[in-house]
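# Structure assessment
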2 protein chains.
Amino acid sequence: MKKPMDCISLPSKSTEERIREAAKRVFLEKGFDGATSRDIADAAGINIALTNYYFRSKEKLFINIFEEMVQLFFNGMVDIMNKPISLREKIAELIEHDFQLMKANPTLSLFVMNEIHRNPERMANCIGLMKQVHHSMFEEQLQQEVSQGTVRPISAMHLMPMIFCNIQFLFIGKTMHMKMWQMSDTGFDEFADGHKQLVIDMITNYLFEFEKV
Amino acid sequence: MKKPMDCISLPSKSTEERIREAAKRVFLEKGFDGATSRDIADAAGINIALTNYYFRSKEKLFINIFEEMVQLFFNGMVDIMNKPISLREKIAELIEHDFQLMKANPTLSLFVMNEIHRNPERMANCIGLMKQVHHSMFEEQLQQEVSQGTVRPISAMHLMPMIFCNIQFLFIGKTMHMKMWQMSDTGFDEFADGHKQLVIDMITNYLFEFEKV
DNA sequence: CAACAATTTAAACATTTGTTTAAAAAAACC
DNA sequence: GGTTTTTTTAAACAAATGTTTAAATTGTTG
């Protein structure tokens, strides 16, 4: 009777994609609880019933968006972690990438953290991604350099949050920081850009400049 | 006719406080959008109508809790910033305090960040608190030491997020970190405790150990 | 064109939501 | 003890929410 997409007839990609894009915007801004089906339909400029016609429920639509966001969150990170470059370069690239990601998606980190906290089960399908992070080249590369004595002894479990917390925290608390230091939107971007370099300096300085045995 | 508390008759503190405590738990866990009046009433073990009898609306009750949480978030921080101790001690104490605060209120940071982002106007009454942070002794103390050359040149605007991001990010992403590194709850606490010391080392090392002019 | 399937719409559905009402119960007061 | 005020309750309210229905429209195919 009513199936949106079948084998041959290519689905009216435009409508389905319009819904996805609208849902992405609305969910990222308001979260699952704060977003209503009508919000999304309005943002997409379509009838409410269509959201459930293409995706079967608000929950399913959300999962769809959420998993894409988790991938966006982790994929670029994993790619860099597996690059054949020095640890020093890798850390700088990771922070630079994090900055670009947050600049392009200022609410991504807060959204992911929040939704994972509110409903950890939804993360089930994303555990594979996180394992990719865990089992990337980064961890062994770090331990190798540690045992060589070229880098300060530290585990990846401690180093990784150090790398990502700085930029992400800036954007997680963007509204707060802007109010506290009376920054404009462009002022914040400049601030974050400067901060990025400080963070790279601090972390690499900490890791590589120390009293070697 | 019906005013809960008047000048003389002390309000049945027990009920009002039960509601506040329940609301605190529920709001911190689910956020404003995710929490329902019935959730709170159930958690407090009272009739739904009582939440609006003591506080006039869900919004008013939330503001009440939210502002307390923002104070909890900033007050201890400001106290330490105004202490007459060295910058080095101050930074260590700030991080230590942040850790204790997060340990006692694991969802506080995520809650505050999230609600500020969702509805920045609610922060209106809290701007004074943030100004206290801005205009504490910390900022001039830092610049004084910078001009003395005893500390690496950096502004408070950059240093403060560096101090607070590490611990708070750990707790903001607690669920994620636990899943990623397969930690138990106590495992996480130990991890965070160890992390705290690394962060103190990294920041003080960065600030105080550098090529002095 | 006719017949069928896919898409879109307006309207309604049952729940849930925040809030209010009016009466009952408890407490305070003289 | 009787009266008044304060607190608590059950029930209801309108509005909002996720979802479904059935008809209308559009598109496709023989």
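Residues numbered from 1 in each chain as written. Chains lettered and ligands numbered in written order. Predicted model: local features only at pLDDT ≥ 70, side-chain atom pairs only at ≥ 80, totals over all residues. Heavy atoms only, no water.

Let us look at the packing of aromatic side chains. Residue and element names in this part refer to chain B. Under the definition given, this model contains 20 aromatic pairs over all chains. Ring centres 4.9 Å apart and planes at 65 degrees place the aromatic pair F32 and F62 in the edge-to-face group. Highlighted residues: F32 in helix α1 (residues 13-34) and F62 in helix α4 (residues 58-81), separated in sequence by 30 residues. Across the pair, F62 and F32 agree in class, each one buried. Each ring, one from F66 and one from F111, has its centre 6.2 Å from the other, and the planes form 65 degrees; the classification is edge-to-face. (Phe/Tyr/Trp six-rings, centres within 6.5 Å; stacked < 30°, edge-to-face > 60°. Helix = DSSP H or I, 4+ residues; strand = E, 2+ residues; numbered from the N terminus. Buried < 20%, exposed > 50% of the residue type's maximum accessible area, 1.4 Å probe, protein only.)

Our next topic: the side chain of T51 of chain B. Its place among the elements puts T51 of chain B in helix α3 (residues 48-54). Not counting residues within four places of it along the chain, the set of residues in contact with T51 of chain B comprises I19, I40 and I46 of chain B. (Contact = heavy atoms within 4.5 Å.)

Attention shifts here to the side chain of Q141 of chain A. Following the sequence through the fold, Q141 of chain A ends up in helix α8 (residues 137-148). Q141 of chain A has contacts with I85, S86, L87 and K90 of chain A, leaving out every residue within four places of it along the chain.

One can find P84 of chain A in the loop between α4 (58-81) and α5 (87-104). In this structure P84 of chain A comes out as exposed when scored by relative accessible area, which is 77%.

Quick look at the domain arrangement of chain A now. All names here are of chain A. Domain annotation for chain A reports domain 1 (12-56) and domain 2 (63-208). Of the residues lining the interface, nine residues belong to domain 1; the matching set on domain 2 comes to nine residues. For the pair domain 1 and domain 2, the interface holds two salt bridges. Of the charged contacts in the structure, one is a salt bridge between E68 and K24, with a shortest N-O distance of 3.0 Å. Our count for the contact surface shared by domain 1 and domain 2 stands at four residue pairs in polar contact (both at pLDDT 80 or more). Looking at the side of domain 1 that touches domain 2 residue by residue, the classes come out as five nonpolar, one polar and three charged. (Domains from an automatic or database assignment. Salt bridge = Lys/Arg side-chain N within 4 Å of Asp/Glu carboxyl O. Polar contact = N/O pair within 3.5 Å; in protein donor to acceptor, adjacent residues only side chain to side chain. Nonpolar A, V, L, I, M, F, W, Y, C, P; charged D, E, K, R; others polar.)

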